[in-house]
Amino acid sequence: MCLAIPGKLTTITGDDPLTRAGKVDFGGVLKEVSLAYVPEVKVGDYVIVHVGFALSRVDEAEANQVFEYLREMEELSELEESGAGAPPAPPLASPAASTPAAGR
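Because the structure is predicted, anything quoted here is derived from the model rather than measured.

K.L.:
Explanation requested: the pattern of salt bridges in the structure shown.
P.N.:
Counting across every chain of the model gives 1 salt bridge. In this structure, the salt-bridge partner of Lys42 is Asp45, at a minimum N-O distance of 3.8 Å. Judged by relative accessible area, Asp45 falls into the buried class, the value being 11%.

What follows is the structure, given as structure tokens:
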């Protein structure tokens, strides 16, 4: 299952709106994410992150409520183990790598 997870933006790097990135703290787990979709965010803001991209800004109370729900569901350990929030891997250069795997 894929979730969009809230986290607190701790640092920002880059000036170009399309390549701007930041470190986000997901309850103690730090990940680098793209900030291309949220040019208005600043350090200290809370953002919703899905597959390595910050999608929107949320207030601290909402972020804390989501973390409480995840704790209740015991999903935070999965977040730490899965690397959620990590940017997607770059595509492979080989044409064979872009062919869908059989049986999917």
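K.L.:
When you look at the nonpolar core in this model, what are you seeing that I'm missing?
P.N.:
In globular proteins that are soluble, nonpolar side chains generally tend to be buried together. Core analysis: the largest hydrophobic core is formed by 14 residues, its most contacted members being Val24, Phe26, Leu35, Val49 and Ala54. For this core, the elements supplying multiple residues, two or more each, are strand E1 (5–13), strand E2 (21–26), strand E3 (29–34), strand E4 (46–50) and helix H1 (60–72). Excluding anything up to four places from it in sequence, Ala54 contacts Val33, Ser34, Leu35, Tyr37, Val38, Val47, Ile48 and Val49.

K.L.:
Explain the side chain of Asp45 here, please?
P.N.:
You can see Asp45 is positioned in the loop between E3 and E4. Residues within four places of Asp45 in sequence aside, it is in contact with Gly7, Lys8, Leu9, Glu40 and Arg57.

K.L.:
Help me understand H1 in this model?
P.N.:
An α-helical segment advances 3.6 residues per turn. Residues three or four places apart therefore align on the same side. Look at H1: 18 Å from first C-alpha to last across 13 residues, which is about the 18 Å you get at 1.5 Å a residue. Of the residues making up H1, those classed as buried are Ala63, Phe67 and Leu70. Each buried residue of H1 lies within a common arc of 55 degrees when the element is viewed along its axis, so the set occupies one face. Exposed side of H1, more than 90 degrees from the buried face: Ala61 and Glu72 are the residues found there. Note on H1: the residue one or two positions beyond its end, Glu74, has a positive phi of about 55 degrees.

Cut-offs used in this document
The written sequence of each chain sets the order in which its residues are numbered from 1. In keeping with the model being predicted, local features are shown solely for residues with a pLDDT of at least 70 and side-chain atom pairs are shown and tallied solely at 80 or more, while totals for entire chains, interfaces and linings include all residues. With hydrogens and water excluded, all non-hydrogen atoms of the structure serve as input to the side-chain values. Note on definitions: salt bridges are taken to be side-chain nitrogens of Lys or Arg within 4 Å of carboxyl oxygens of Asp or Glu. We call a residue buried when its accessible area falls under 20% of the maximum for its residue type, exposed when it is over 50%, and partly exposed in between, using a 1.4 Å probe and counting protein chains only. Throughout, nonpolar core names a set of buried Ala, Val, Leu, Ile, Met, Phe, Trp, Tyr and Cys residues whose side chains join them through atoms within 4.5 Å. Helix and strand definitions follow DSSP, with helices as H or I runs of at least four residues and strands as E runs of at least two, each counted in order from the N terminus. Only heavy atoms matter for contacts: two residues are in contact if any of them lie within 4.5 Å across the pair. By definition here, a helix of n residues has an expected span of 1.5 Å times n minus one. Our arc is simply the arc of the directions from the helix axis toward the C-beta atoms.

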